[in-house]
Amino acid sequence: MDTQYNPTNIFAKILRGELPCIKVYEDDDTIAFMDIMPQADGHTLVVPKEAAVNLFDLSEQGAQAAIVATQRVARAVRAAFAPDGISIGQFNGAAAGQTVPHVHFHIVPRYADSALRGHAREMQDPEQLKGHAQRIIAALREQGA
Ligand code: 5GP
């Protein structure tokens, strides 16, 4: 499993502000934004700011901050989309499905009657993503986050 951090990866560029994202949340240690190829409406990514390829490279402080932020954002996704369930996912290594080599957590709303779309397959209309982000931001505000 590759643990050599490459600072040219796409999330590193987003973290440095070199590429845009549709952001819903930020604190000292993490940022959360909409996945541009969501597996379900509301699919959000929580990205630690620390330069770590995967969970194993993340400091304990970074891991703590990431799970707290993930819980906070997932609560807002739940409030905004009222899904039947929510999957929280985190992939380590290409063999496990990791496509971006900067550690991150997926928050994916799930519905009993609909299957997930493919992983990192199809871009969603940015205007739709912005609308979803607004709902999550409003829910975060509601919960005082
Ligand atoms: P992984 O496969 O590494 O667990 O997940 C990477 C995720 O990042 C995928 O779900 C993919 O759709 C998403 N993604 C890839 N490139 C970008 C991008 O440029 N911006 C955003 N917001 N998401 C991205």
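**Student:** Sorry, what's going on with the environment of Val-108 here?
**Tutor:** You can see Val-108 is positioned in strand β5 (residues 105–110). Considering only alpha carbons, one finds Val-108 and Val-47, 61 residues apart in sequence, at a separation of 14 Å.

**Student:** Mind showing me how you'd approach the packing of helix α2 (residues 60–81) against helix α3 (residues 126–142) here?
**Tutor:** What describes two packed helices is the angle between their axes and the distance between those same axes. At a minimum axis distance of 8 Å, the contact between α2 and α3 shows a crossing angle of 115 degrees. On the basis of the axis angle, α2 is roughly perpendicular to α3. As α2 runs across α3, the sense of the crossing is right-handed. Together, Arg-72, Val-73, Ala-76, Val-77, Ala-79, Ala-80 and Phe-81 of α2 and His-132, Arg-135, Ile-136, Ala-139 and Leu-140 of α3 make up the contact between the two elements. When the residues that make up the contact of α2 with α3 are grouped by side-chain class, the tally is 9 nonpolar, 1 polar and 2 charged.

**Student:** Would you take a moment to explain unusual backbone geometry for this structure?
**Tutor:** Phi is mostly negative for residues that are not glycine, and the peptide bonds are mostly trans. One non-glycine residue, Ala-82, lies in positive phi territory at about 45 degrees. In this fold, Ala-82 is placed in the loop between α2 and β4 (85–89). A relative accessible area of 59% means that Ala-82 is categorised as exposed. A positive phi angle, near 55 degrees, is found at Ala-120, a position not held by glycine. Position of Ala-120 relative to the elements: it lies in the loop between β5 and α3. Relative accessible area serves as the criterion here: at 33%, Ala-120 is assigned to the partly exposed category.

**Student:** Got a minute to help me understand the nonpolar core in this structure?
**Tutor:** Side chains of nonpolar character tend, in soluble globular proteins, to be buried together. The biggest cluster of nonpolar side chains holds 25 residues, and the ones touching the most others in it are Val-24, Tyr-25, Met-34, Val-46, Val-73 and Ile-136. For this core, the secondary structure elements donating two or more residues are β1 (23–26), β2 (30–34), α2, β5 and α3. A total of 8 residues in this core trace back to one element, the largest contributor, which is α2. The contacts of Met-34, once residues within four sequence positions are left out, are Ile-22, Val-24, Gly-42, His-43, Thr-44, Leu-129, His-132, Ala-133 and Ile-136. In this structure, Ile-14, Ile-31, Phe-33 and Leu-45 belong to the second largest nonpolar core, which totals 7 residues.

Rules behind the numbers
- Residues numbered from 1 in each chain as written.
- Predicted model: local features only at pLDDT ≥ 70, side-chain atom pairs only at ≥ 80, totals over all residues.
- Heavy atoms only, no water.
- Helix = DSSP H or I, 4+ residues; strand = E, 2+ residues; numbered from the N terminus.
- Axes fitted to C-alpha atoms, helices over the stretch in contact; angles between N-to-C directions.
- Parallel < 35°, antiparallel > 145°, perpendicular 65-115°, else oblique.
- Left-handed = near helix turned anticlockwise from the far one by under 90°.
- Contact = heavy atoms within 4.5 Å.
- Nonpolar A, V, L, I, M, F, W, Y, C, P; charged D, E, K, R; others polar.
- Buried < 20%, exposed > 50% of the residue type's maximum accessible area, 1.4 Å probe, protein only.
- Core = buried A, V, L, I, M, F, W, Y, C linked by side-chain atoms within 4.5 Å.

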